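Below are the chains, spelled out letter by letter.
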Amino acid sequence: MTIQEIIRNSRKIVIKIGSNTLAQKDGTVNVAYMEQFAASCASLIAKGKQVIVVSSGAQVAGLSTIKGWAHKRDVHYRQALCAIGQVELMDRWRSAFGTQGIHVAQLLLTKEDFEDDHRTLNIRNTMFTLVDENVVPIINENDSVAFDEIRIGDNDNLSALTAILWSADLLILFSDIDGIYTDNPKVNPDARFVESVTDIAALRRDITIGSTSSFGTGGIETKIQAAEKTTASGIPLVLSNGGNGDALLALADGSQRGTLFMADERSLFRAITGNA
């Protein structure tokens, strides 16, 4: 099955936007990109699909607002920066989707929220209520209060947990890379693009996993972790380059490539039944 077919057949879609995708070269938030992305989401919503956005970028938005804090590495400053930036980030998402006549809502979550049955039920009910009323939830980790013990740590895994909790049909991770390669294509011209993955364990053996990026907290490893989570629940995951605001529609019409993660039928059967 192709990515185009997966998107066409999916009604409930979670889309994660990475920090590097939202940041311009000078480190400020790319407002034009957000407006174009919101228009793409509106196009899918008009076709009967429901969308939840997991958005990084609070720290980037904070740095855009208070540039003098760029070199402050103290954890209290970083958390305060995220608190400032989250307000700015949501205001820009509100404006971008508002142009399309769509309201947005904010959910800030931590690891603990996914480990407590009462919290997960409330989060799930809130997400269902919002999307049923044509409101787009914008989800991010609550970086201003999270510490190591309750941090998820990256929005790749946060989006995977969100997709599973919402019983999504598809998770799309937009990053600054086209998808999975056997090695870093920026330094190895012989690196091969991987179009689809059904055996993640084999993928780990066959590729070279690099480090994280300058703005983000993830990297290839966290994207693979996210794929392990979603495919175990029968939810396919697409990793693609979100550099263009119309990347979502490009994936939908087949003009943009990405790496598709899907569980093979035997692995999915074992996950559902618990049989080895």
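Residues numbered from 1 in each chain as written. Predicted model: local features only at pLDDT ≥ 70, side-chain atom pairs only at ≥ 80, totals over all residues. Heavy atoms only, no water.

A. A look at helix H9 (residues 220-232). Taking 1.5 Å per residue, 13 residues should reach 18 Å; H9 reaches 18 Å between its end C-alpha atoms and fits that length. Residues of H9 that are buried include every one of Ile220, Thr222, Lys223, Ile224, Ala226, Ala227, Thr230 and Thr231, and no others. Gly234 lies just past H9 and shows a positive phi near 80°. (Helix = DSSP H or I, 4+ residues; strand = E, 2+ residues; numbered from the N terminus. Expected span 1.5 Å × (residues − 1). Buried < 20%, exposed > 50% of the residue type's maximum accessible area, 1.4 Å probe, protein only.)

B. Expanded view of the pattern of salt bridges. Here the structure, examined in full by the defined rule, presents 9 salt bridges. With a closest N to O distance of 3.7 Å, Arg119 and Glu112 form a salt bridge. A residue is classified by how much of its surface remains accessible, and Arg119, at 37% relative accessible area, is partly exposed. Residue class for Glu112 comes out partly exposed when judged on its relative accessible area of 36%. Asp113 serves as the salt-bridge partner of Arg119, at 3.1 Å between the closest nitrogen and oxygen. For Asp113, a relative accessible area of 12% puts it in the buried group. Three or more residues are tied together by salt bridges with common partners; here these are Lys16, Asp156 and Lys223. (Salt bridge = Lys/Arg side-chain N within 4 Å of Asp/Glu carboxyl O.)

C. Spotlight on the pairing of strand E1 (residues 12-17). Judged by how many residues are buried, E1 sits mostly within the fold: 6 of 6 residues are covered. Residue alternation in E1 divides its side chains into two sets, Lys12, Val14 and Lys16 and Ile13, Ile15 and Ile17, and both sets are buried. In the sheet, E1 pairs with strand E2 (residues 50-55) via 6 bridges, with the strands oriented parallel. Bridge pairing links Val14 to Ile52 in E2. Examined bridge by bridge, E1 and strand E5 (residues 170-175) share 5 bridges and lie parallel to one another. Residue pairing in the sheet places Lys16 in a bridge with Leu173 of E5. (Pairing = 2+ DSSP bridges.)

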